[in-house]
Structure formats: structure tokens, C-alpha cells
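The residues making up each chain are set out below.
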Amino acid sequence: MLSRIQFATNISFHILFPTITIALCWILFFFKLRFDLTGNPVWMRAYRFWVKIFALTFALGVVSGITMSFQFGTNWPGYMEKVGNIAGPLLGYEVLTAFFLEATFLGIMLFGIKRVPSKVHTFSALMVAIGTTLSAFWILALNSWMQTPAGYEIREGVVHATNWLEVIFNPSFPYRLLHMLLASGLTASFFVAGLSAYRILKGDEKQAPRLALKTGLVLAAILAPIQAFVGDLHGLNTFEHQPQKIAAMEGVWETERGAPLLLFAIPDEETRSNHFAIGIPNMASLILTHETDGEIRGLNSFDGDHPPVKPLFFGFRIMVGMGLLMLATAWLGCYLLRRPAMPRVFLRVLVAMTFSGWVATLAGWYVTEVGRQPWLVTGILKTADAVTPVAPANVGLSLALYLLVYAVLMWAYIHTLKRMATKSVYVEEFETAEPAADGSLTNLPQSHTQPHTKPHTAGGNA
Amino acid sequence: MFIALMGLAVLAYAILDGYDLGVGILLPMREEDELQRDTMIASIGPFWDANETWLVLAIGLLLIAFPSAHSLILMNLYIPVAIMLVGLIMRGVAFDFRAKAAVDHKLAWDRTFKIGSLLTTLTQGYMLGQYVMGFDKSLPSQLFSAISALGVTAAYSYIGAAWLVLKTEHQLQARAVRWTRRAGRATLVGVIAVCAINPLVNPGVFDRWFTFPLVMFVLLIPALCFLGFVANDILLRRLPKEHDRHSGQPFFIVMGIFVLCFSGIGFSFFPDIVPGKLNIWEAASARESLRFILAGAVVVIPVILMYTAFSYRVFHGKATELHYH
């Protein structure tokens with residue numbers, strides 16, 4: 001149990017940072033590319049501010065990731081003995097193709113701007129972005145394989161790969177990867193928008209935060225509906241391969257036709273029923289089977305072999321709720337962009353939603369990971385059989401250690417973000433040596449009256 | 001083949017992260033040293049992250065190629081691994097936070113960086129000692145592991161200081177030269193102590209070292225090693241020279257010493273992957289997995305080496321003040 005708590009703590013802590021960095025480095029690449037193409041220094045200023053934030057977030061992701069890689073061996077020896085033949089190479093490829101790429105080019109990206117030509121620098125940013133995405137690719141391949149294993153056989157009680165393509169592109173992988181990448185995009189865009197809104201609220205009159213705010217909002221407005229669509233596909237895929245997970249998410253206790261979509265309920269594991277259920281009749285069946293009276297297998301058909309219902313039921317609703325909130329905010333925000341200045345109330349909303357992506361992502365991960373229980377690898381290995389025989393006292397000690405460290409780090413991270421944002425209000429990130437082609441922008445701070453969306457000519461987002 | 005790859009990864013880690021850990025350990029902590037601290041950290045700034053990746057690769061390869069050894073080793077080293085990870089976390093974040101924190105917090109982050117580096121090296125040395133002892137928990141092997149912890153810390157300081165001689169100038173360089181000499185002597189003592197104790201407690205190692213004709217070859221390693229230490233010390237006495245001549249040599253000599261010590265350890269235990277308990281043939285994992293990862297490794301590792309070299313070329317020359325641009 002302690003091992004599970006420890007692993008859950010570590011993975012929850014770890015996932016927060018890649019969720020931001022995977023997409024943030026593409027946003028950075030976008031900033032840098034725009035600067036290269038337009039020569040407009042505002043893009044460079046935005047880039048410089050966000051690259052610092054990126055570095056900080058990335059560092060936290062790296063250190064917590066190293067912790068994770070060791071925990072496979074220390075806390076889950078049964079896992080490695082049983083499925084090491086699959087997990088090992090996938091993790092190995094992550095290190096080989098992604099880690100070195102990110103780490104090496106990050107050095108150039110962070111400290112090399114005066115030492116390499118601008119194009120090489122942009123290239124480094126691109127390499128880092130590819131690296132983080134590849135990293136997500138391999139990790140999700142492994143995670144999806146644990147959910148829906150394929151391309152393997154069991155010899156002498158140990159899993160052996162028979163077809164690597166099937167292993168990597170297992171049935172749920174494409175959906176899971178897309179879902180995660182989009183989640184990262186949304187998290188990063190609200191993160192960017194929120195912190196930029198904070199700067200503006202603090203009285204930052206410069207162009208860069210406005211531009212970043214706009215980038216974040218537009219990106220979120222585009223990604224949110226796509227995410228809803230992909231999420232639906234992902235749900236259908238799960239329905240096909242892991243019906244017990246869906247049953248728990250929807251709180252369907254008995255197999256039924258025309259199941260309602262429960263907006264709210266309190267599932268009760270003891271009486272095996274829902275209290276205070278409010279639902280839309282036939283909706284769940286419609287969504288999952290695309291027929292109003294489609295059959296949904298209930299938890300009764302997986303007796304004793306289904307995941308705990310409450311965390312899934314609520315986790316799923318938190319994720320979807322958060323997603324809808326993000327969708328609404330992003331669209332409203334894009335509408336408000338047409339005004340010369342954002343209403344302060346809306347800026348405050350954005351600040352409040354800075355970490356909304358974290359909430360949704362964590363909730364989503366709990367749904368997917370708890371939803372696999374009691375299996376660690378569906379149909380192959382139960383969680384209980386993989387856990388370490390190391391003395392509980394040792395696990396407890398290291399858990400306490402990690403919790404302490406993580407708490408301090410989280411505090412320091414948020415504190416430092418705030419401080420960097422506050423500081424940037426008074427500091428100019430990047431001064432061009434000579435007046436740039438569009439001279440009006442070089443002598444910041446800008447005049448207060450200028451509408452914030454005007455100066456850059458091709459204002460849209462890719 | 002995998003042993004060779006893993007050897008490469010571990011060696012690369014010891015040398016590369018060795019120097020940046022060493023720099024961390026050496027950070028002078030007085031108020032007025034702030035500028036020197038900045039330069040020291042700047043000298044490792046672009047590299048430390050990639051350096052640490054070699055550790056992940058080594059652990060990853062161990063996991064891929066020898067899963068049972070991976071479990072055995074990591075479970076036996078549960079607590080030191082946890083402490084080492086905390087050390088690595090402290091380093092990793094301190095590095096980034098120090099640049100962004102307010103002035104009054106910077107010293108605290110620098111201290112975190114130093115302590116994190118120290119924790120990491122000490123636990124790594126301790127784990128090496130435990131590993132050599134076959135995870136024996138008795139008092140003598142604990143003592144041996146403690147000596148090994150100090151030895152590795154000295155060795156990392158040695159290579160770290162030599163790195164600084166290469167990357168810095170003026171006052172700090174002169175200081176680094178003194179550090180290198182001192183750390184070099186401490187490392188020599190550590191190596192001798194470990195070499196003396198190891199064959200005494202490990203009969204297998206004793207046999208391997210002192211049977212003819214191998215003994216001739218075995219003597220070559222410590223002889224070359226000793227030569228390296230002495231040559232370096234003599235060279236360092238004359239540094240820094242005019243026009244910064246020979247400032248790179250100490251680092252490369254220390255690298256040579258690391259390679260020698262490493263091959264010494266490898267020679268003592270091959271083909272055991274956990275000394276006295278498990279050899280590589282017993283621990284190897286399924287062929288199809290190995291072939292799958294090997295195919296990738298053969299293609300990817302040269303590419304990694306190439307862009308690593310590129311990165312070192314970009315950041316060649318003396319460390320300048322660390323700017324995020």
C-alpha cells in the first residue's frame with residue numbers, strides 16, 4: 001500500500017511538469033519562429049520570458065522523472081520481472097531518442113543564444129520540442145500497452161514481445177497519445193494565458209504579455225473542441241477494450257439499455273447503487289453506443305474484478321467539467337480579444353485558471369490509472385503481485401522524504417513563478433542593439449493607448 | 001555488447017556528471033565568493049542536464065538487458081538510492097531556482113546545490129562500495145563502503161576542480177589549481193585504500209589479481225594510474241602558465257585516471273554483474289528485446305555523441321557569466 005501511495009505521489013508530482021513543457025516548448029518554438037520570420041522584437045521578448053519559465057518547469061520534470069525511473073526497480077520489482085522485456089526497451093528508447101535530445105539542445109537553447117546563429121538556435125528549440133514529444137510518445141506507448149496489451153506471448157511466466165509494432169501501436173495508444181498531447185496543449189495555453197494575465201493585472205504595459213495572452217487564448221480555443229472530440233473517441237475505445245472502466249466512470253451498476261448520463265450522483269460501493277442521481281435519460285447509451293437504447297455492461301458483470309467506483313466517477317466528472325470550463329473561458333476570451341483592453345474581471349478569471357490544466361490532467365490520469373485496477377497490466381499482472389518486498393519501514397521513510405521534498409519544491413515553484421512574473425513587469429526582457437525595421441516597437445514601454453493586438457501585422461496563430 | 005554499452009554509459013556518467021558534481025562540491029560558501037560561485041556554476045550550466053542523462057541511460061540499460069540484476073541491485077540499495085535521488089533533486093532545482101530567486105535566497109539555493117552534490121557523490125560512493133562487497137551489510141563492509149564514499153567524493157572533486165582549471169581564469173583558476181592538487185592527493189589515498197582492502201576481503205578478486213601471468217597486466221593499471229597522479233601533480237604545480245597553456249591537460253589526465261580505475265573495477269569482477277551472486281549470462285533478458293533496443297542504440301548513440309560534441313564546441317572556451325541568453 002505504501003509503495004502504491006509513494007508511486008502515486010511521485011507520478012502525480014512528475015506529470016504536472018511534462019504536461020506543461022510538452023506543449024510549452026512548441027509555443028516557444030512558435031515565438032522564436034515568428035521572431036525569425038517577422039523580426040518583430042516583441043516575439044523575442046515573449047520567447048525570453050517564457051524560456052526561463054520553461055527551464056524551471058523542465059528542471060522539475062527532469063528531477064522527478066529520474067526518481068520515477070529508479071522506482072520501477074526499487075518499488076515494483078515484480079513488474080520488471082514479468083514485463084521487463086516490454087517495458088525495458090520502451091523506456092530505453094525514450095532515454096535514447098528523447099532525453100539526450102532534450103537535454104543537450106536545451107543547453108544550447110538556454111545559454112547559447114550569443115554563441116550560435118539565430119537559425120541554429122531556432123533549430124535547437126525545435127529539437128527540444130521534438131524531444132519532449134517523443135518522450136511522451138514512448139511513455140504513452142508503454143502506458144497504453146499496460147492498459148490494452150498486444151503483440152506479446154507468455155513463455156515460462158514471463159512476457160515476451162512477438163511484434164513490436166503491435167506493442168507500440170496497441171489498440172488504445174493513438175487515442176491516449178492524442179488525448180495527452182491535447183491536454184498538454186490546453187494546460188500550457190492556460191498556463192501562458194494565466195501568467196500573462198497576472199503580469200497585465202500587475203500593471204505591465206508591455207506588448208509581450210499581451211501577445212502571449214492572445215497566443216494562449218487562441219490556442220486553447222482551437223484545442224478545446226478538438227480535445228472534446230478526441231476524448232469522445234478515446235471513451236469509445238475504452239468502452240470496447242475496458243468496459244469495466246466505463247461502467248465505473250458512468251456509475252452503471254447493472255447492465256442496462258438506454259442508460260442515463262449521470263450529471264451528479266454519489267455512488268455507493270456497499271449498496272451497489274447511486275444516491276442523489278441526477279441524469280439525462282438515455283444519454284450515456286447514446287454517447288457510448290451511438291444508439292439511444294444501446295446496452296452498457298454494468299459493474300455486476302465484472303464482480304470482484306472492477307476498479308473502485310467513486311474515484312473514477314468523480315475523477316471523470318472533474319476532468320470533463322474542467323474541460324468544459326476551459327472551452328467556455330477560451331471562447332469568451334477570444335471574443336473579448338477584439339476589445340482594446342481585456343476587462344479586469346476576465347483577467348482575474350484567467351489568473352485563477354492558470355493551473356486548471358493540472359486539475360483536469362490529474363483527474364484524467366486518476367481515471368485512467370485507477371480504472372485499470374486491480375490490474376497493473378490488464379489481464380497479465382495484478383498490482384498486488386508486483387510490489388516490492390522491501391520492508392514497509394523503508395518505504396515509509398522514503399515516502400516521507402519525498403513528500404517533504406515535493407512540498408518544498410511545489411511551494412518554491414509557485415513562489416518563483418509569481419516572483420518572475422512580478423519582476424518582469426519592470427524589466428525589459430530583450431533590447432535590440434539597433435532600432436529594428438519596425439522602429440515603433442523598439443522603444444518600450446509602449447504608449448498606453450495603443451491597442452494591444454495591432455502592431456504585429458500577421459496577428460493570427462498557426 | 002550490452003556490457004560494453006553499459007560500461008560506456010557508466011563511464012561517461014562518472015566522467016561527465018563527475019565533473020559537474022565535483023564543481024558542486026567545491027562551491028566556496030563565503031559571502032564574498034558569490035561571483036566565483038556564479039562562474040563555477042556557469043561552467044557547468046549547459047552540460048549538467050545531458051550529463052545526468054547518462055545515469056538514466058545506464059540504469060535503463062541495466063533494466064533492459066539485465067532485469068533481474070536491476071531489481072536485485074536497486075532493492076538492496078533502496079535507502080541510499082532514495083537519498084541520492086533527493087540529492088539529485090536538490091541539485092537540479094537549486095541550479096534553476098538560484099538564477100531566478102531574489103538575492104537573499106540565492107545563497108540558500110547555492111547551499112542546496114552544494115549539499116545536494118555532496119549527498120549524491122557520497123551515496124554513489126557508498127553504493128559502489130556496497131556493490132563491490134556484494135551488498136554485505138556487516139560492519140567491515142560498511143566501513144569499506146564509507147571509505148569508498150569518501151574516495152568517490154574525492155575523485156569527483158578532483159575531476160571537477162580540473163574542469164575548472166580548464167574553464168576559468170584569473171583568481172578562480174589559481175584557486176582551482178590548488179583544489180585540484182589537494183583533491184588529487186585525497187583521491188590517490190582513496191584509490192590505494194580501496195585497492196588494498198578489496199582483494200583482502202574478496203578472495204575472488206585476490207585470485208584474479210595475483211595469478212601469473214595476469215599479474216603483469218594487472219600491475220600495469222595501478223602503475224599507469226599512479227603515474228597519472230604524479231604527472232598531474234607536477235604539472236599543476238606550474239599552473240597557471242602564460243597564455244593559459246596546458247590548462248586543459250589536468251582534466252584529460254584525470255579522465256585517463258577515471259578510465260583506468262574503471263577498467264580495473266570491470267576487470268576484477270567480469271563476468272559477474274552482481275559480484276559473487278549473479279553473472280551476466282544468468283541475468284540477461286530475452287533476446288528479442290535486446291535485439292530491438294540494440295538496433296536503435298547502434299543508430300542513436302553515434303548521433304547522441306555527435307550532438308553532444310556539437311554542444312561542447314558551442315560552449316568551448318572560458319565560462320562566461322551565466323545568462324539565460
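S.K.: Quick one: what's the story with the overall build of chain A, residue by residue and with numbers?
M.R.: Within chain A, the regular secondary structure consists of 13 helices and eight strands. In terms of C-alpha radius of gyration, chain A reaches 24 Å, essentially the compact-globule figure of 23 Å for 462 residues. Principal-axis analysis of the C-alpha atoms gives chain A an extent of 70 × 45 × 40 Å. For chain A, the proportion of contacts with a sequence separation of at least 24, taken over those separated by at least 6, is 79%. For chain A, the exposed surface amounts to about 17900 Å²; the carbon and sulfur share of it is 66%.

S.K.: How would you explain the overall build of chain B if you had to name every residue and give the values?
M.R.: Looking only at helices and strands, chain B features 13 helices and two strands. Seen along its three principal axes, the alpha-carbon backbone of chain B occupies a region of about 55 × 40 × 40 Å. Split into buried and exposed, the 325 residues of chain B put 59% on the buried side. Residue pairs in contact within chain B that sit at least 24 positions apart in sequence constitute 78% of those at least 6 positions apart.

S.K.: Quick rundown of the pairing of strand β1 (residues 152–155) of chain A? Include the residues and the values.
M.R.: Residues and elements named next belong to chain A. Judged from the four bridges that link them, β1 and strand β2 (residues 158–161) form a sheet pairing that is antiparallel. Bridged to Tyr152 within β2 is Ala161. Following β1, the chain reverses through two residues before pairing antiparallel with β2; Glu156 in that reversal takes a positive phi of roughly 50 degrees.

S.K.: Residue-level account of the side chain of Thr132 of chain A, with values.
M.R.: Residues and elements named next belong to chain A. With respect to the helices, strands and loops of the structure, Thr132 is situated in helix α4 (residues 118–147). Among the polar contacts listed, one links the side chain of Thr132 to the backbone oxygen of Ala129, at a separation of 2.9 Å. Apart from the residues lying within four places of it in its own chain, the contact partners of Thr132 are Thr21, Ile22, Cys25, Phe58 and Glu102.

S.K.: How would you summarise the environment of Ser289 of chain B if you had to cite specific residues and measurements?
M.R.: Among the structural elements, Ser289 of chain B can be located in helix α13 (residues 287–314). Between the C-alpha atom of Ser289 of chain B and that of Glu32 of chain B, which follows or precedes it by 257 residues, the distance is 55 Å.

S.K.: Talk me through the pairing of strand β4 (residues 261–268) of chain A; I want residue IDs and the actual numbers.
M.R.: Residue and element names in this part refer to chain A. Taken together, the six bridges between β4 and strand β5 (residues 273–280) define a ladder with antiparallel strand orientation. If you follow Leu261 over to β5, its bridge partner there is Ile280. Linking two consecutive strands that pair antiparallel, namely β4 and β5, is a turn of four residues; a positive phi of about 55 degrees is found at Arg272 within it.

S.K.: Provide a residue-level description of helix α11 (residues 344–352) of chain A, including the pertinent values.
M.R.: All names here are of chain A. Restricting attention to buried positions, one finds in α11 the residues Phe346, Leu347 and Leu350. Taken around the axis of α11, the buried residues stretch over an arc of 105 degrees, which confines them to a single face. Projecting away from the buried face of α11 at angles above 90 degrees are the exposed residues Val345 and Ala352. Contact partners of the buried residues in α11: α6 (173–201), α7 (207–241) and α10 (309–336).

S.K.: Describe the pattern of salt bridges, listing the residues and the values that go with them.
M.R.: Within the structure shown, the criterion is met by four salt bridges over all chains. The residue Lys32 of chain A makes a salt bridge to Asp36 of chain A at a minimum N-O spacing of 3.6 Å. Of this pair, Lys32 of chain A and Asp36 of chain A both sit in helix α1 (residues 2–38), four residues apart, which is roughly one turn of that helix. For Lys32 of chain A, a relative accessible area of 1% puts it in the buried group. Among the residues examined, Asp36 of chain A registers a relative accessible area of 31% and is labelled partly exposed. With a closest N to O distance of 2.3 Å, Arg155 of chain A and Glu153 of chain A form a salt bridge. Since its relative accessible area comes to 37%, Arg155 of chain A is described here as partly exposed. One salt-bridge network, held together by shared partners, links Asp17, Asp20 and Arg91 of chain B.

S.K.: Quick one: what's the story with the packing of helix α1 (residues 2–26) of chain B against helix α11 (residues 249–269) of chain B, residue by residue and with numbers?
M.R.: Residues and elements named next belong to chain B. Running from amino to carboxyl end, α1 crosses α11 at an angle of 145 degrees, the nearest separation of the two axes being 11 Å. α1 and α11 meet at a crossing whose hand is right-handed. On α11, the residues touching Gly7, Val10, Leu11, Ala14, Ile15 and Tyr19 of α1 are Phe251, Met255, Phe258, Val259 and Phe262. Tallied by class, the residues present in the contact of α1 with α11 amount to ten nonpolar, one polar and no charged.

S.K.: Now, about the confidence of the model for chain B: what can you tell me, with residues and values included?
M.R.: Low pLDDT means the predicted coordinates in that region are not meant to be read closely. All names here are of chain B. Residues of chain B with pLDDT of at least 70 account for 90%, and the chain-wide mean is 78. By mean pLDDT, the top-scoring element of chain B is helix α6 (residues 103–132) (83), and the lowest-scoring one is helix α9 (residues 203–209) (69). We note a pTM of 0.80 for the whole complex and an ipTM of 0.75 for its interfaces.

S.K.: With reference to specific residues and values, describe the nonpolar core.
M.R.: Counting 195 residues, the largest nonpolar core has Phe31, Trp50, Tyr79 and Tyr413 of chain A together with Phe66 and Ile273 of chain B as the members making the most contacts within it. The leading source of residues in this core is helix α2 (residues 41–75) of chain A, at 20 residues. Beyond its immediate chain neighbours, meaning those up to four positions away, Ile273 of chain B contacts Met6, Leu62, Phe66, Ala69, Ile73, Tyr131, Leu278, Asn279, Ile280 and Ala283 of chain B. One finds Leu186, Ala221, Val230 and Phe346 of chain A within the second-largest nonpolar core, a separate group that totals 24 residues.

S.K.: Talk me through the interface of chain B and chain A; I want residue IDs and the actual numbers.
M.R.: Chain B puts 62 residues into the contact, and the matching count from chain A is 74 residues. Overall, the association of chain B and chain A removes approximately 6000 Å² of surface from exposure, summing both partners, and the carbon and sulfur fraction of that is 77%. Counting the contacts that link chain B with chain A gives zero salt bridges. If you look at where chain B meets chain A, you find two residue pairs in polar contact (both at pLDDT 80 or more). Taken together, the elements giving at least two residues each to the side of chain B that touches chain A come down to α3 (48–65), α4 (67–76), α5 (78–100), α6 and α13 of chain B. Here the residues of the side of chain B that touches chain A sort into 41 nonpolar, 15 polar and six charged.

S.K.: Which residues make up the environment of Trp43 of chain A, and what are the values?
M.R.: Among the structural elements, Trp43 of chain A can be located in helix α2. Counting along the chain gives 41 residues from Trp43 of chain A to Leu2 of chain A, while the straight-line C-alpha distance between them is 47 Å.

S.K.: Can you explain α13 of chain B? Please cite residues and give values.
M.R.: Because each turn of an α-helix spans 3.6 residues, side chains separated by three or four positions in sequence point in the same direction. Compared with an ideal rise of 1.5 Å per residue, which puts 28 residues at 40 Å, α13 of chain B spans 40 Å between its outermost C-alpha atoms and is within 8% of the ideal. Considering bend angle alone, the principal kink of α13 of chain B is centred on Ala297 of chain B and spans about 30 degrees.

S.K.: Tell me about the packing of aromatic side chains, and please be specific about residues and values.
M.R.: What describes a pair of aromatic rings is the distance from one ring centre to the other and the angle between the planes of the rings. All names here are of chain A. Overall, the coordinates contain 34 aromatic pairs over all chains when judged by the stated rule. For the pair Phe54 and Phe58, a centre-to-centre distance of 5.6 Å together with 35 degrees between the ring planes defines the contact as tilted. One end of the pair is Phe54 and the other is Phe58, both in helix α2 and four residues apart, which spans about a single turn. Taken individually, Phe54 and Phe58 each receive the classification buried, so the pair is uniform in this respect. Each ring, one from Phe137 and one from Phe173, has its centre 5.2 Å from the other, and the planes form 90 degrees; the classification is edge-to-face.

S.K.: Would you mind going over the side chain of Thr122 of chain A in detail, with residue names and values included?
M.R.: Its location among the elements puts Thr122 of chain A in helix α4. In this view, Thr122 of chain A contacts Phe29, Lys32, Leu33 and Asp36 of chain A; residues no more than four positions away in its chain are not counted.

S.K.: Summarise the environment of Ile318 of chain A; cite the residues concerned and give the values.
M.R.: Residues and elements named next belong to chain A. Its place among the elements puts Ile318 in helix α10. Sequence separation between Ile318 and Leu362 is 44 residues, and the spatial gap between their C-alpha atoms is 9.6 Å. Discounting residues that sit within four places of it in the chain, Ile318 has contacts with Val359 and Ala363.

The rules we used
Residues numbered from 1 in each chain as written. Chains lettered and ligands numbered in written order. Predicted model: local features only at pLDDT ≥ 70, side-chain atom pairs only at ≥ 80, totals over all residues. Heavy atoms only, no water. Helix = DSSP H or I, 4+ residues; strand = E, 2+ residues; numbered from the N terminus. Rg over C-alpha atoms; globule rule 2.2 N^0.38 Å. Contact = heavy atoms within 4.5 Å. Areas by Shrake-Rupley, 256 points an atom, 1.4 Å probe, with all protein chains shown as cover. Buried < 20%, exposed > 50% of the residue type's maximum accessible area, 1.4 Å probe, protein only. Pairing = 2+ DSSP bridges. Polar contact = N/O pair within 3.5 Å; in protein donor to acceptor, adjacent residues only side chain to side chain. Arc of directions from axis to C-beta. Salt bridge = Lys/Arg side-chain N within 4 Å of Asp/Glu carboxyl O. Axes fitted to C-alpha atoms, helices over the stretch in contact; angles between N-to-C directions. Left-handed = near helix turned anticlockwise from the far one by under 90°. Nonpolar A, V, L, I, M, F, W, Y, C, P; charged D, E, K, R; others polar. pLDDT = per-residue confidence, 0-100. Core = buried A, V, L, I, M, F, W, Y, C linked by side-chain atoms within 4.5 Å. Buried area = accessible area lost by both parts, 1.4 Å probe. Expected span 1.5 Å × (residues − 1). Bend = angle between axes of the 7 residues up to and from the residue. Phe/Tyr/Trp six-rings, centres within 6.5 Å; stacked < 30°, edge-to-face > 60°.

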